[in-house]
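As a plain string of letters, each chain reads:
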Amino acid sequence: LFSAVEMAPRDPILGLNEQFNADTNPKKVNLGVGVYYDDNGKLPLLECVRAAEKQMMEAPKARGYLPIDGIAAYDAAVQGLVFGADSEPVKGKRVATVQALGGTGGLKIGADFLKRISPSAKVLISDPSWENHRALFTNAGFTVETYAYYDAARRGINFDGMLTALNQAAEGTIVVLHACCHNPTGYDLTPAQWDQVVAATKAKKLVPFLDMAYQGFGSGIAEDGAVIGKFVASGQDFFVSTSFSKSFSLYGERVGALSVLCASAEEASRVLSQLKIVIRTNYSNPPTHGGQVVATVLNTPALRAQWEEELAGMRQRIKQMRVALVEKLKAAGVKQDMSFIAQQVGMFSYSGLSKDQMVRLRSEFGVYGVDSGRICVAALNSKNIDYVCESIAKVVG
Ligand code: PMP
């Protein structure tokens, strides 16, 4: 049965982690990960999460099956975050939201549902994009192509190229957009550029699919969510996947969601019924713990305030690391202007380093980043940043 099964290629980032773990260099630093670490290099357990879990432990509940679409209070909290609790789509019940297994799960439920209703549509992702976008939509049965995004020479976005690609796309094309904190480049569209993207997807009758894996890591919860308001105002139907992996530091609990904005409450109830079939035939219903933690935090005013503060702390620490990186690279003797690093947002930076330089950083200095030049700024801290800057200076100098 399995004699002809080929070995699948290794996941490049997980492979990097294995190499990092095997490295005996005492100064080694892992900047290849997609995880936020605190200034002590530790994965944080947020205080709001600890408090919610304490509350849950004090009133333990039996673990029955959840509804197929998850905890109702969780889904409502997601809608509040993404669209605004008092927004017209939420009040008018035009949003179908389901709890999902992380942001990845939200994307996959959306992809499987889209395959049923638009089997011949193409999918466009940014060039480059989170590496799982292509695989996920391909495995859902779609042909995946790219729209222009990163402009290496200008250290920014090739916005004209992006708009051209959207304007040339066939009606019904599914366009995956990073709502904020673009992974891997760290370059986000300006509000004025978003307006043009919203107008293009509307004019060309494309299907926007917003991947919101970092709400609150860019400028703030409401600020990062503003792009959703632009799509709502344009009157388009669209998809939003949500992830709480980073914003709650709940990676392993797999807490995310999919929301689909529909034209009416009646349409939303039909869409929800189909999303439930996708879920039912994949894993039946979501797990209880992570969703309950997030629902408790978001629906308890004091815990919610604490979460917003802790999230702001993570966001500010990343910004400080960006500024420090620029200064310390200069101090370490890097001649080229690296100030673009402080303009990028989110957990990642496209550092502009070449593959050869990234390989040298790894093999000579134990500083691990992705071959594309992507480094995780959220894995830098006050203890490792000097060594990282000195190492980078040696490979670029
Ligand atoms: N989308 C993007 C852009 C991401 O960076 C990630 C996580 N790295 C995800 C989706 C998936 O999130 P989760 O881990 O919650 O599945």
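- Per an unreviewed UniProt entry, the protein chain is named Aminotransferase, and its organism is Ramlibacter aquaticus.
- As recorded by UniProt, the Subunit (unreviewed entry) comment attached to the protein chain reads in full: "Homodimer."
- Annotation of the protein chain in UniProt includes, under Cofactor (unreviewed entry), the sentence "pyridoxal 5'-phosphate".

### Remarks on helix α10 (residues 265–280)
- Compared with the 22 Å implied by 1.5 Å per residue over 16 residues, the 22 Å span of α10 between its first and last C-alpha is a close match.
- Among the residues making up α10, those that are buried are Ala 268, Val 271, Leu 275, Val 278 and Ile 279. Angularly, the buried residues of α10 cover 90° about the axis, an arc narrow enough to put them on a single face. The outward face of α10, more than 90 degrees from its buried face, is lined by the exposed residues Glu 266, Ser 269, Arg 270, Ser 273 and Arg 280.

### Observations regarding the domain arrangement of the protein chain
- Taken as a whole, the protein chain is organised into domain 1 (12–45 + 304–396) and domain 2 (65–287).
- Of note, the centres of domain 1 and domain 2, computed from C-alpha atoms alone, are 27 Å apart.
- In this assembly, 19 residues from domain 1 lie in contact with 21 residues from domain 2.
- Of all the secondary-structure elements, those providing two or more residues to the side of domain 1 that touches domain 2 are α12 (301–331) and β11 (348–350).
- The class makeup of the residues in the side of domain 1 that touches domain 2 is eleven nonpolar, five polar and three charged.

### Things to note about helix α8 (residues 191–203)
- Taking 1.5 Å per residue, 13 residues should reach 18 Å; α8 reaches 18 Å between its end C-alpha atoms and fits that length.
- Residues of α8 that are buried include every one of Val 197, Val 198 and Thr 201, and no others. Taken around the axis of α8, the buried residues stretch over an arc of 100°, which confines them to a single face. Among the exposed residues of α8, those pointing more than 90 degrees away from its buried face are Ala 192 and Ala 203.
- Buried positions along α8 lie against α7 (159–168), β7 (174–178), β8 (207–212) and α9 (221–234).

### Examining the UniProt feature "domain: Aminotransferase class I/classII large" (unreviewed entry) in the protein chain
- Mapped onto the present numbering, the UniProt feature "domain: Aminotransferase class I/classII large" (unreviewed entry) falls at residues 27–392.
- For the annotated span residues 27–392, helix accounts for 47% and strand for 16% of the residues, and the straight-line distance between the end C-alpha atoms is 14 Å.

### A short note on the site of the ligand
- Taken together, Gly 34, Gly 102, Gly 103, Thr 104, Trp 130, His 178, Asn 183, Asp 211, Ala 213, Ser 243, Ser 245 and Gly 256 make up all the residues around the ligand.
- Ranked by residue count, the leading element in the shell around the ligand is helix α5 (residues 102–117), at three residues.

### Some points on the nonpolar core
- Core analysis: the biggest nonpolar cluster contains 116 residues, and Val 294, Met 347 and Val 377 have the highest contact counts within it.
- Summarising the domain contributions, this core has at least three residues from each of domain 1 (12–45 + 304–396) and domain 2 (65–287).
- Not counting chain neighbours up to four residues away, the residues in contact with Met 347 comprise Gly 34, Tyr 36, Cys 181, Tyr 214, Phe 217, Ile 318, Cys 376, Val 377 and Ala 378.

### Quick word on the pairing of strand β10 (residues 255–261)
- Burial within β10 is extensive, with seven of its seven residues counted as buried.
- Residues of β10 alternate between two faces, with Val 255, Ala 257, Ser 259 and Leu 261 on one and Gly 256, Leu 258 and Val 260 on the opposite face, all of them buried.
- Inspection of the sheet shows strand β9 (residues 238–243) paired to β10 by six bridges, in the antiparallel sense. Each residue of the ladder has a partner; that of Phe 238, found in β10, is Leu 261.

### Quick look at the sheet that holds strand β2 (residues 95–101)
- Within the open sheet, the seven strands sit side by side as β2-β10-β9-β8-β7-β3-β4. Their pairing is mixed. Looking along the sheet, the strands with just one partner apiece sit at the ends: β2 and β4 (143–148). When strand polarity is set aside, the average angle formed by the axes of neighbouring strands in this sheet is 25°.
- The strands touched by α10 are β2 and β10; relative to β2, the strand with the most contacts, the crossing angle is about 15°.

What counts and how
- Residues numbered from 1 in each chain as written.
- Predicted model: local features only at pLDDT ≥ 70, side-chain atom pairs only at ≥ 80, totals over all residues.
- UniProt positions renumbered as here; feature names shortened; annotations may be inferred.
- Helix = DSSP H or I, 4+ residues; strand = E, 2+ residues; numbered from the N terminus.
- Expected span 1.5 Å × (residues − 1).
- Buried ≥ 20, exposed ≤ 12 C-beta atoms within 10 Å, placed from the backbone.
- Arc of directions from axis to C-beta.
- Domains from an automatic or database assignment.
- Contact = placed C-beta atoms within 7 Å.
- Nonpolar A, V, L, I, M, F, W, Y, C, P; charged D, E, K, R; others polar.
- Near = placed C-beta within 6 Å.
- Core = buried A, V, L, I, M, F, W, Y, C linked by C-beta atoms within 7 Å.
- Pairing = 2+ DSSP bridges.
- Axes fitted to C-alpha atoms, helices over the stretch in contact; angles between N-to-C directions.

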